[in-house]
Amino acid sequence: MAKDEFKEFKLVGTRPDRPDGLDKVTGRARYGADISAPGMLWAAVLRSPHAHARIVKIDTSKAEALTGVKAVITRADFPTGLTGEDWNLQENTMAGERALYDGHAVAAVAATSKLRAEEAVRLIEVEYEVLPHVIDVDDAIKPDAPVIREGAADATVPEGMPPNVVRYMEFGRGDVEAGFAEADLVMEKTYKTEATHQGYIEPHACMGQLGADGKGEMWVCTQGQWFIRKMCTAVLGLETAQLRVTPSEIGGGFGGKTTIFMEPLSLALSKKAGGKPVKLVMSRSDVLRATGPTASASMDVKIGMKKDGTITGARAEFRMQGGAFPGSPVDMALYCAFAPYKLTNVEHVGYDVLANRPKCAAYRAPGSPMGAFAVESLLDEMCRELDVDPLDMRLKNAVREGDTASYGPKYGSIGLVETLEATKAHPNLSIPLGPNQGRGIAAGYWFNHNGETSVSMAISEDGTAQVSVGTPDIGGSRASIALMTAETLGIPYEDVRVNVVETGALGVNEPTHGSRATFASGKAAVIAAGHAITEMCKRAANEWGIDPEAVEWVDGAAQPAGDNAGKFPPMSIAEIAGKMGSTGGPISGHHESVPEGVGASFGCHVVDVEVDPETGRTTILRYLVVQDAGRAIHPAYVEGQYQGGAAQGIGWALNEAYIYGDDGRLQNTVFLDYRVPVASDLPMIDTVIVEVPNPGHPYGVRGVGETGITPPLPAIANAIQEATGARLCELPMSPPKVLAAIKAKGG
Amino acid sequence: MSKVHVTTSVNGDEVEFLADPRETLLDCLRDHIGLTGSKEGCGTGDCGACSVTLDGTLVCSCLVLGVEADGKRVETIEGMADGAELHPLQRKFIEHAALQCGFCTPGILVAAKKLLETNPNPTEEEVRYWLAGNLCRCTGYDKIIRAVMDAAAELRQEAA
Amino acid sequence: MVAINLWSSLTRFTDGARVVEVEAETVGGALDGLVAAHPGLAPIIEAGVSVVVDGEIAPNRHAQLPEGAEVVLMQRLKGG
Ligand code: FES
Ligand code: FES
């Protein structure tokens, strides 16, 4: 499709090698755990074996007496008096009066070696008084459920709600009852999804150093070095600017590395150990037990539909637990649930609930996959009932520019209709299916995000350019930002170096999250390059003795704009840069803002499955992702986002889940048991990049990172129904559950 | 626990270090001889990020003790390129955008190299099963499989 | 005057009103006006909300409100 539009660009839309590729294929790239420093100590953390327990006493004397142990800390070493989310972060970093989940940190040690630190941790004696716990979200709102924290509810929760409800919301418009009355078919069902983990292959790791003077440094794998700085200093009562945070290369994040889990421990240990640097690396089981999984959800959906597929009314009531702290993405889940559809009568109700689980973190399009699982599953069943084609139904109800979104605001330019049409036209839809095979379709949505952004770029003496960004490169954003900068400056891609810099080098940046790096840092880099161009035109004008207004920038050189301006040969960026010292000093550009013009991204997935009727095992035969990218700056990395999102969604749909025992302990704490998709589980993942340019970005970019994880959950459920006749309303759709559903059908 | 003196060859160079008998080969590579290209994703043999070869056998270095490397030959990601010249697999991974975060990449490259030494003409299915012990959370494997197949084709051509 | 559309569970704090009219030229002015009219909303506004003006999330408190703008209050949007 929009390939013709690419003709206006030299670089945007091409697929050059990524600038950090060489480092990453040779093992040279340095990730969180790959750095060491002279005098460095190693840390280890003691974690609660109980889901909920009062901490009666902690005796650290034996650990402290061990040779090589330089510091032992408990909550007593942290400042008191924090409130709100700062308190939540501190409490999650190190338990206070109670351990709130299996894996909650209760003490930490720094010693001269990793093994010594681990030995010392085993010598710490903790006396616990085990308390009743609650794991399931529906159990947590029962009247007799153990109360996780009195007074945690915010002002949105009306009197009389169960104590574990900490946030409550209702929103919508129109009259849903009237909508249902208009319908030819009204269906209502309940859906459940289990918590899953982002599953980045790199465990959290950092090296922190903090002196008695309150000045510190940290090296850490993170999606956002400024978030790390703000949160660590808040938890430890430090001045924000005194901590300098350098991001390592990052081995995946998917939202889970936008917050802190154990980073302040390395700083607190360092301070107690006289300012020696302290390295802290999580094990995989620490990662699964104590870092951000996503929320689990229980969802009621009711929809009314006419015979022709028109949706007349829709209602969603979602309950989500995000661990022992407020913050499940129930709001986002509700916003996204009906976002693809034009609705006049819609109602949403949401409960954010506490349970004895780790504090949830963002996970790729937080909330959206759960809501889509419920809504897109029910819509599919209704299409079957009314014998309406599921793609036609979606096209009939699809939102377009100017429509009011289900969650309130009006849509700007969006590409849902184009996405659905491209899906309909794809050859995968006409491949015939065999016995026990089924095809499923579902749509998905993510808003995309802007966020605080600060970017600097500078022209070097030879006319090459460096760009300093604050958004860590997780999936090729250095390449896309270099492409846009080079395109703007009119210089080769190879002449631009994009550096992800530490907190001391720029103003505050939000993390690489919300699919914002290529949009926000990219937009800021383009604007900054524009400032440098203005300056270079001025330098050329001064040389020529003409008005700067009469100079234009074409193909990497200043030239007089038209004959009236004077006759001078173009002055290249290298010529201007070579003389900058004597023509006014350094040439650079800078831009900071919360960039406007975020473009939302819709996607549609089509999956073909085969279900073994003997075992209930589902095999993915074919997979298609169609999604609007606005404009793909580096199409290979856009495809990569689509494929990676789909693979994570497939794992969530079929296999991944947090499994708790009756004792409230997490039972699957290694990758063998928390099984993410492996290469032999998946087919090639076909992609179609739809391009409806975002008018809010100089090159039309929409964020593409998140939408792709949303449709797989319902698309696979829909395909399984077609293959088996059985409808699964609970994730994961693992073989035993599918088999039971087939049996229950009498199949 | 008293340390053990280990003499081994890593990427062709003779290397000596003192290992605590409890330390894994991965820990020794990373912490004693500064080769941090091999990664720890799990420590339990499930993710393959620590893949190296030991006397030519593909192993998870997190499941091998450092002392077991005594007298053996270890090959890691750091030894894969021939000086400045990348191995075709390394080149193809960059060319096909077969890495996003790149954390799984060293292990996958080491494992894929062993595959192509064992089977120069693998089918897609054979590549998928060979790499089933190497987790990648970012890519959905599509571009990784393509890069390996393409590198295999190039190597066959060179050999022909 | 601008009309601010609230999410419906906030009507507990606004004597049942889903739409509250305030005199304001900027996003910040509108939020301050809301709190002045209905002090019960203060903790919710302080906890952070997104203000959507004519379909776009307002970048900051100083963003202007054009005459007749559609203003929708939402819980704060974030991403993964
Ligand atoms: S770290 Fe060795 S297999 Fe995961
Ligand atoms: S590229 Fe990130 S885990 Fe494979």
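Definitions and limits used
For every chain, the first residue of the written sequence is number 1, and numbering continues from 1 along that sequence. Chain A is the first chain written and ligand 1 is the first ligand written, with later ones labelled in order. Note on the predicted model: pLDDT of at least 70 is required for a residue's local features to be given, and 80 or more for side-chain atom pairs to be given and counted; whole-chain, interface and lining totals, by contrast, use all residues. Excluding hydrogens and water, the side-chain figures rest on all heavy atoms present in the structure. When a residue's accessible area, from a 1.4 Å probe over protein chains only, is under 20% of the maximum for its type it is buried; when over 50% it is exposed; and in between it is partly exposed. Strands here are runs of E lasting at least two residues and helices are runs of H or I lasting at least four, both read from the DSSP assignment and numbered beginning at the N terminus. Only heavy atoms enter the contact rule, under which two residues are in contact if any of them lie within 4.5 Å. Pairing of N or O atoms within 3.5 Å defines a polar contact, subject to two protein rules: one partner must be a possible hydrogen donor and the other a possible acceptor, and residues neighboring in sequence count only if both atoms are side-chain atoms. Strand pairing is assigned whenever DSSP identifies at least 2 bridges connecting the two strands. Note: buried area is the sum, over both parts, of the accessible area (probe 1.4 Å) each one loses when the two are combined. The working definition used for a salt bridge is a side-chain nitrogen of Lys or Arg within 4 Å of a carboxyl oxygen of Asp or Glu. Centre distance within 6.5 Å is the pairing criterion for rings of Phe, Tyr and Trp, where only the six-membered ring of Trp is used; planes under 30 degrees apart are then read as stacked, over 60 as edge-to-face, and the remainder as tilted. Here, over-ring charges are defined by two tests on the NZ atom of lysine or the CZ atom of arginine: distance to the ring centre within 6 Å, and angle to the ring normal within 35 degrees. Helix axes are fitted only over the stretch in contact, all axes being lines through C-alpha atoms; the angle between N-to-C directions runs from 0 to 180 degrees. Comment on the angle field: the value is read as roughly parallel under 35 degrees, roughly antiparallel over 145, roughly perpendicular from 65 to 115, and oblique elsewhere. Residues were grouped as follows: Ala, Val, Leu, Ile, Met, Phe, Trp, Tyr, Cys and Pro as nonpolar; Asp, Glu, Lys and Arg as charged; and all remaining residues, including Gly, as polar. Working definition of a nonpolar core: buried Ala, Val, Leu, Ile, Met, Phe, Trp, Tyr and Cys residues. They are joined through side-chain atoms within 4.5 Å. What marks off one domain from the next here is an automatic or database domain assignment.

> So what about helix α12 (residues 390–397) of chain A? Which residues, and what values?
All names here are of chain A. With 6 of its 8 residues buried, α12 lies for the most part within the structure. Buried residues of α12: P390, L391, M393, R394, L395 and N397, and no others. The elements touched by buried residues of α12 are β13 (296–305), β14 (311–321), α11 (368–386), α13 (416–424), β16 (437–446) and β24 (601–611). The N-cap residue of α12 is D389: its side-chain oxygen and the backbone nitrogen of L391 are 2.9 Å apart.

> If you had to explain the pairing of strand β1 (residues 4–10) of chain B to someone new, which residues and values would you point to?
All names here are of chain B. In this sheet, strand β2 (residues 13–19) lies alongside β1 in antiparallel orientation, the contact comprising 7 bridges. Counterpart to V4 in the pairing with β2 is A19. Where β1 folds back onto β2 in an antiparallel hairpin, the turn is made up of 2 residues, including N11, whose phi is positive at roughly 50°. As paired elements, β1 and strand β5 (residues 73–75) share 2 bridges and run parallel to each other. Its bridge partner lying in β5, S9 is registered against R73.

> Mind laying out the interface of chain A and chain B, listing which residues take part and the relevant values?
At the junction of the two partners, chain A supplies 54 residues and chain B supplies 47 residues. Taking both partners together, chain A and chain B bury about 4,100 Å²; carbon and sulfur atoms supply 58% of that area. It is V25, I201 and M684 of chain A in chain A that bury the most area against chain B; as a group they hold 18% of the surface buried on that side. Viewed at the interface, chain B and chain A are joined by 6 salt bridges. A salt bridge links K114 of chain A to D27 of chain B; the shortest N-O distance between them is 3.2 Å. Those elements that provide at least two residues to the side of chain A that touches chain B are α1 (21–26), α4 (114–122) and α18 (635–654) of chain A. Ranked by residue count, the leading element in the side of chain A that touches chain B is α18 of chain A, at 9 residues.

> I'd like a description of the packing of aromatic side chains, backed by residues and values.
Residues and elements named next belong to chain A. Inspection of every chain in the model, using the stated rule, returns 19 aromatic pairs over all chains. Taken together, a centroid distance of 5.1 Å and an interplanar angle of 55° make the contact between F171 and Y335 tilted. You can see F171 sitting in strand β7 (residues 165–173) and its partner Y335 sitting in helix α10 (residues 330–337), a full 164 residues away along the chain. Accessibility expressed as a relative area gives 2% for Y335, which makes it buried. Counting every residue linked through ring pairs, the aromatic cluster contains F171, Y335, Y407, Y411, Y445, W446, F447 and F602. Between K230 and the ring centre of F227, over which it is positioned, the NZ or CZ distance is 4.9 Å.

> Summarise the packing of helix α3 (residues 84–93) of chain A against helix α7 (residues 225–236) of chain A; cite the residues concerned and give the values.
The packing of two helices is summarised by the inter-axis angle and the distance between the axes. Residue and element names in this part refer to chain A. Two elements in contact, α3 and α7, have axes separated by 9 Å at closest approach and are oriented at 80°. Put simply, α3 runs roughly perpendicular to α7. Taking contact as the criterion, the partners of D86, L89 and Q90 in α3 are, on α7, M231, A234 and V235. A breakdown of the residues in the contact of α3 with α7 according to their chemical character gives 4 nonpolar, 1 polar and 1 charged.

> So, the nonpolar core: which residues are in play, and what are the values?
Counting 222 residues, the largest nonpolar core has I303, F338, Y407 and M733 of chain A, F93 and V148 of chain B together with L73 of chain C as its most contacted members. Examining the composition of this core, we find that 9 residues originate from one element, α11 of chain A, more than from any other. For V148 of chain B, the contacting residues outside a window of four places in its chain are L89, F93, A112, L115, L116, V127 and L131 of chain B. One finds L11, M484, A528 and I633 of chain A within the second-largest nonpolar core, a separate group that totals 49 residues.

> Could you give me a rundown of the domain arrangement of chain A, with the residues and numbers involved?
Residue and element names in this part refer to chain A. Under the domain assignment, chain A is made up of domain 1 (3–29 + 451–593) and domain 2 (386–448 + 598–744). One C-alpha centre belongs to domain 1, the other to domain 2, and the line joining them spans 36 Å. With 25 residues of domain 1 in contact, the opposing surface of domain 2 contributes 24 residues. Carbon and sulfur atoms supply 60% of the area buried between domain 1 and domain 2, which totals about 2,000 Å² over both sides. Scanning the region where domain 1 abuts domain 2 turns up 1 salt bridge. Salt-bridge contacts for E639 lead to R15; the nearest nitrogen and oxygen are separated by 2.6 Å. Where domain 1 packs against domain 2, one counts 9 residue pairs in polar contact (both at pLDDT 80 or more). Only α14 (477–489) and α15 (517–544) provide two or more residues apiece to the side of domain 1 that touches domain 2.

> If you had to explain the side chain of K39 of chain B to someone new, which residues and values would you point to?
Relative to the elements of secondary structure, K39 of chain B occurs in the loop between α1 (25–32) and β3 (51–54). Classification of K39 of chain B as buried rests on a relative accessible area of 1%. A polar contact of 2.4 Å, which involves the side chain of K39 of chain B, links it to the side chain of D34 of chain A. In terms of polar contacts, K39 of chain B uses its side chain to reach the backbone carbonyl oxygen of T36 of chain B, at 2.7 Å.

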